[in-house]
Every structure is written in structure tokens, then in C-alpha cells.
Amino acid sequence: MALSRQTVAAALRCKAFRRVPTAVAAPTQRPLSASATQDSNVDELTSVSKWKSATVGKKSVLWDRMDSRQVSLLDQTMRPHLPPTYPVHPRDSKVGDIAQGTPIVAAAHLVYFPSHANEFQLSPDGYHADEAPPDPFCQRVWAGGLIEFNVANPLRVGELASQTKGIDDVSIKERSGADPLVLVKLALEMHNQNGLSVTEYRNLAYMKPVDLQRKTVRHNRQPEFSHELLPTEIMLFRYSALSWNSHRIHYDAVYARDTEHHPGLLVHGPLSCTLLLQLLQTHMPKGMTLKSFDYRAISPMYCQKQLVLNGRWIRDASGDKASEGAQRCELWATNNDGGLSMKGVATIVPLPDRQ
């Protein structure tokens, strides 16, 4: 069977770059057995189905110590871009790092548990190759996730912890007038010596190579609190280093522009998530702590372009927010065009007595 020009072009671009984590909204999933669009290649989807069978359910375990220097460097990277009222963490009087036993800040687990893959086991774009379906579905977008925290057993600075990670599900999303998406759901659990501390689900979408165009998603939300910042090259580079993320779109401007046709370096999806949670921490009511954050990535944010973090409390029909028990807060980020880039809902609960 002769290959079309489009198929050949897609294959060549898959070799040039793979797995691009540009933020997009998580599409509605359909079972992998659903019929593909008429212009889909049956052989390609068959390969995805075989990959699913061989991949789903397999898990890997990484161990890491919640090193005080690592979380201190994260704080040093983020704090200059945060409101001046962002809480100060207890410090070791001699070394100056965040003190042993301090609960690590929300989403700081993302800079621990580095992959053991060496440079030659990565994709040409610098990202990990073990979470992606077969070619030609080689262009990756970060679609969102859910992080759940065990408030009675947080990860703490200095302790040994494990991360269990695996592909939880793979499905196909059909699209009218376009090739299908392959949706990959990752499940992660982090345990310390006392048991489960953090559960995370990451939603990734893979597609055939295309020139992604950012769409401005308008909104009418009015924040109760907000903070404006300008992501810099140093901020993105340091976060890439701390999270052991060598994806070139975050630090190689020539690659991002000339190979993947972005206007500049992309802000990491996990970094955007972390910034929103740090905004919430700045406005956290006394005696409360984060229980969960369910979020979706909408469109990319770029280096040296205005980024605005926003939040407002979700109120009942009478217009009041909960005064006791769990409370919910809507968080969102807007890009330099004023469009939505990421949105989510955080749930906070009272701190356990022993904390």
C-alpha cells in the first residue's frame, strides 16, 4: 500500500521531535475499542491497542529522600515571582535550608523522584520515551491532572519516600475533521514510612505532528485575589533542572521556535500548577490545608509573556463561603492575551490537630 505525502511527512516529524507538553484542555475520553474516524489508519490504531495491552497495569517504583536542599532551591526559584506575603518556611539555623521535618509545600513532590533514564534513552526532544504510544502519535500535550494529599500524613523534609508510577488507562478520542488523539492516564502514589502521602493522576494527550496554534479562550471570571508575574528564562531553566525535565521546549529557544514552531519557550504545565497552588497558600485561611487540586490545562503560556494567577472562593447559593469544614477555591491562570491557560478547583480542609 502506497503511503500518502501526509503520512510520510508525519513520520519524518516524529523522528525530528516527540512528545510536546503544550497545555490543552482534557478531551472527553472514549473506550479504545470505539470506531476510529474514517481517515484514521487502522494499522496505527492497532499498534496503539497492542501497546495498551502491553503497558497498562505495569508499575515502577522509585525511591528518593525529601532532601532539604532540593525543596529549598525550589523555594529560591519560585519566591521572587510570588506575592511578598507568601509564607516563610522554617529554616535550619546553620545551613539555611528548609528545616528537617517541615511538610513539603504542595506540588513540591514534582521535583523529586527523578527518572533513571540516561540521555540516550530519551526522545529527540529531550523528554521521557516510556509514556508514549507508538509512532506516529508522537506529539504530546499536557491535558491536566488531579493531586490528592493525605493531610494526616504529608511528605516531610528529610524523610525517605517511594513513588509508584504506572499507566492507568489508554483511550482514543475521535475528532471531526482531524486525526484521533491517544489519551494516556498516569497514576502515581507516594508513600513515606507512615503510609500513603500523595496520589496523583496525570492526563496526557498524544497526536500526530501538527503546528499547534494557541487559541485565546475568553472568560468572565472575576477574581477575589490575583498576582501578576513574568516567567523568565532563568525560572524555566531552574525548574527544568530541579524536576529533571530535559524537554527542550522549556530551555532551548531555537529548538522551540524552529522545530516545534512556538513563539518562544513554554512554561511547564507542572510549574503553572505549582504557581496556582502557591497563590492559594498565600491566601490560605488560618488552620486550613490543601486536600486536593483538580485542574485542566487550556492553552500554552510562554516565557517573557505576562502571566496572571487568579483565585476566588466558591460560595453557596446565599453567596457565603463555608465557615467550617471543607472549602473550595477556584484557581485559574491567564496568558498575555487575557485567555485562560489553566483552571482548576482546590479543596482545603482543617489541619489535623497534631499538625
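Because the structure is a prediction, the values reported are computed rather than measured. (Residues numbered from 1 in each chain as written. Predicted model: local features only at pLDDT ≥ 70, side-chain atom pairs only at ≥ 80, totals over all residues. Heavy atoms only, no water.)

**Student:** Is there a simple way to explain the sheet that holds strand β8 (residues 307-313) in this structure?
**Tutor:** One key point about sheets: their strands pair by backbone hydrogen bonds, in either a parallel or an antiparallel sense. Read across the sheet, ten strands follow the order β1-β3-β4-β5-β2-β7-β10-β9-β8-β6 without closing on themselves; strand pairing throughout is antiparallel. In this open sheet, the two strands that pair with only one neighbour each are β1 (59-65) and β6 (225-229). Mean inter-strand twist for the sheet, computed between neighbouring axes without regard to direction, equals 20°. Each of β3 (160-175) and β4 (178-192) touches helix α2 (residues 42-55); the most contacted strand, β3, lies at about 155° to it. Where helix α6 (residues 269-282) meets the sheet, its contacts fall on β2 (139-149), β6, β7 (288-297), β8, β9 (327-334) and β10 (340-350), and the angle it forms with β8 comes to roughly 45°. (Pairing = 2+ DSSP bridges. Helix = DSSP H or I, 4+ residues; strand = E, 2+ residues; numbered from the N terminus. Axes fitted to C-alpha atoms, helices over the stretch in contact; angles between N-to-C directions. Contact = heavy atoms within 4.5 Å.)

**Student:** Could you clarify how one ought to interpret unusual backbone geometry in this entry?
**Tutor:** Looking along the chain, the bond that leaves Asp135 and enters Pro136 is cis, with omega of 10°. Considering the arrangement of structural elements, one finds Pro136 in the loop between α3 (68-78) and β2. Here the phi dihedral of Ala107 falls at roughly 75°; this positive angle occurs in a residue that is not glycine. Looking at the element boundaries, Ala107 is found in the loop between α3 and β2. Take Ala107: its relative accessible area is 2%, and that puts it in the buried class. In this model, His261 sits at a positive phi of 60°, which is unusual for a non-glycine residue. For His261, the position within the fold is in the loop between α5 (253-258) and α6. (Buried < 20%, exposed > 50% of the residue type's maximum accessible area, 1.4 Å probe, protein only.)

**Student:** Looking at this structure, I do not really get the pairing of β8. What am I missing?
**Tutor:** Looking along a regular strand, one sees the side chains alternate between the two faces of the sheet. Most of β8 sits out of view: six of its seven residues are buried. Looking at chain direction, β6 and β8 are connected through five bridges and run antiparallel. Residue pairing for β8: Ser226 is matched across the bridge by Asn310. Two strands pair when backbone bridges link them, and β8 and β9 are joined in this way by six bridges, in the antiparallel orientation. Looking across to β9, one finds that Arg312 is bridged to Glu330.

**Student:** Quick question: what am I supposed to make of α6 here?
**Tutor:** In an α-helix, one full turn covers 3.6 residues, which means residues spaced three or four apart are oriented alike. Across its 14 residues, α6 extends 20 Å between first and last C-alpha, which sits within 8% of the 20 Å expected from 1.5 Å per residue. Counting buried positions over the 14 residues of α6 gives 13, a clear majority of the element. (Expected span 1.5 Å × (residues − 1).)

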